Amino acid sequence: TTFTQCLRQPLCITLLRNCTTSDAAAFQLAIKLLVAVMVQPKLRSSLRAELGAFYPLFVLRPLEQGSRAQQAAHQRQTEERKLQGGGEGAEGGGDVQGGVVPPPSSPPNPPTTVAVTMPGNAADAIAAEQTDLHTLYVVLSSLRQLCGEPQMVADLFVNYD
C-alpha cells in the first residue's frame with residue numbers, strides 16, 4: 001500500500017485541477033487517467049473514497065451537461081430551419097432543407113466557413129459543441145471500458161453512483 005499512499009496526493013491534485021478545466025484535451029486525459037486507476041482492482045480498493053468523489057465529476061456531470069447541450073443545439077437548429085424555411089417561401093422548400101441539413105453533418109473543422117455565414121458568436125458556439133461532443137465521446141468510451149469488467153460494473157453501482 002505504500003505505492004498507493006505515494007500515488008494518492010499527486011493523483012488527487014491532478015484530477016482536481018483538471019475536472020473543471022476549460023481545456024478539453026486536459027479534461028479528456030484526466031478522464032483516461034481516472035479510468036486507468038479504476039480498472040486496477042488494488043488501486044480501486046485503496047482509493048475507493050477518492051475515486052467515488054471524482055467519478056461523478058468526470059463521468060456523470062459531462063453526460064448530464066451533454067444532454068442539455070444536445071437539447072439546446074436541437075432547439076437552435078429547429079429555430080434556424082423555421083427562419084430559413086419562412087424566408088424562402090414556397091419556391092424552394094426542398095432546397096431549403098438541403099441547405100440546412102448539411103452543416104450539422106459537415107466535418108468538425110470548418111470554423112472559418114461558419115464564421116462567415118453565422119452572426120455573432122455562433123461559430124464559437126459550434127466549435128464549443130464539437131469539443132463537447134468529442135468530450136462526450138471520450139466519457140462514453142471510458143464508461144464502456146469500465147463496464148467491460150463484471151466486478152467493475154458492480155463496484156460502479158454500489159460505490160460510485
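Note that the coordinates shown come from a computational prediction; the quantities given were computed from them, not determined experimentally. (Residues numbered from 1 in each chain as written. Predicted model: local features only at pLDDT ≥ 70, side-chain atom pairs only at ≥ 80, totals over all residues. Heavy atoms only, no water.)

### With respect to the overall build of the protein
Part 1: For the protein, the count of helices and strands is nine helices and zero strands.
Part 2: Overall, the protein shows an N-to-C arrangement of helices and strands of α-α-α-α-α-α-α-α-α.
Part 3: Burial analysis of the protein (161 residues in total) assigns 27% to the buried set.
Part 4: The long-range share in the protein, meaning contacts at least 24 apart out of those at least 6 apart in sequence, stands at 65%. (Helix = DSSP H or I, 4+ residues; strand = E, 2+ residues; numbered from the N terminus. Buried < 20%, exposed > 50% of the residue type's maximum accessible area, 1.4 Å probe, protein only. Contact = heavy atoms within 4.5 Å.)

### Quick word on the packing of helix α1 (residues 2–18) against helix α2 (residues 24–38)
Part 1: The contact between α1 and α2 brings their axes to 9 Å, and the two run at 145°. Note on packing geometry: the crossing formed by α1 with α2 is left-handed. Residue-level contacts link Leu11, Thr14, Leu15 and Asn18 of α1 to Ala26, Phe27, Ala30, Leu33, Leu34 and Val37 of α2.
Part 2: A breakdown of the residues in the contact of α1 with α2 according to their chemical character gives eight nonpolar, two polar and no charged. (Axes fitted to C-alpha atoms, helices over the stretch in contact; angles between N-to-C directions. Left-handed = near helix turned anticlockwise from the far one by under 90°. Nonpolar A, V, L, I, M, F, W, Y, C, P; charged D, E, K, R; others polar.)

### Examining the pattern of salt bridges
Part 1: Overall, the coordinates contain three salt bridges when judged by the stated rule.
Part 2: Salt-bridge contacts for Arg8 lead to Glu50; the nearest nitrogen and oxygen are separated by 2.7 Å. With Arg8 in helix α1 and Glu50 in helix α4 (residues 48–88), the pair connects residues that are 42 residues apart, well separated along the chain.
Part 3: Notably, a salt bridge pairs Glu149 with Arg44, separated by 3.9 Å at the nearest N-O pair. (Salt bridge = Lys/Arg side-chain N within 4 Å of Asp/Glu carboxyl O.)

### With respect to α1
Because each turn of an α-helix spans 3.6 residues, side chains separated by three or four positions in sequence point in the same direction.
Part 1: A rise of 1.5 Å per residue sets the reference length of α1, with its 17 residues, at 24 Å; its end C-alpha atoms lie 25 Å apart and thus fit the reference within 8%.
Part 2: Of all the residues in α1, the buried ones are Thr4, Leu11, Cys12, Leu15 and Asn18. (Expected span 1.5 Å × (residues − 1).)

### Description of the nonpolar core
Part 1: Membership of the largest hydrophobic core comes to 26 residues, with the highest contact counts inside it found for Met38, Tyr55, Phe58 and Leu146.
Part 2: Elements with a minimum of two residues in this core: α1, α2, α4, α8 (122–146) and α9 (150–159).
Part 3: With seven residues, the top contributor of residues to this core is α2. (Core = buried A, V, L, I, M, F, W, Y, C linked by side-chain atoms within 4.5 Å.)

### Examining α9
Part 1: Among all positions in α9, only Met152, Asp155 and Leu156 are buried. End-on, the buried residues of α9 take up no more than an arc of 100°, which puts them together on one face. Relative to its buried face, α9 has exposed residues pointing more than 90 degrees away, namely Pro150, Phe157 and Val158. (Arc of directions from axis to C-beta.)

### Observations regarding the environment of Leu143
Part 1: Considering the arrangement of structural elements, one finds Leu143 in helix α8.
Part 2: The spatial distance from the C-alpha of Leu143 to the C-alpha of Ile31 is 9.8 Å, given a sequence separation of 112 residues.
Part 3: In this structure, Leu143 is in contact with Tyr55, Val59 and Leu63, ignoring residues within four places of it in sequence.

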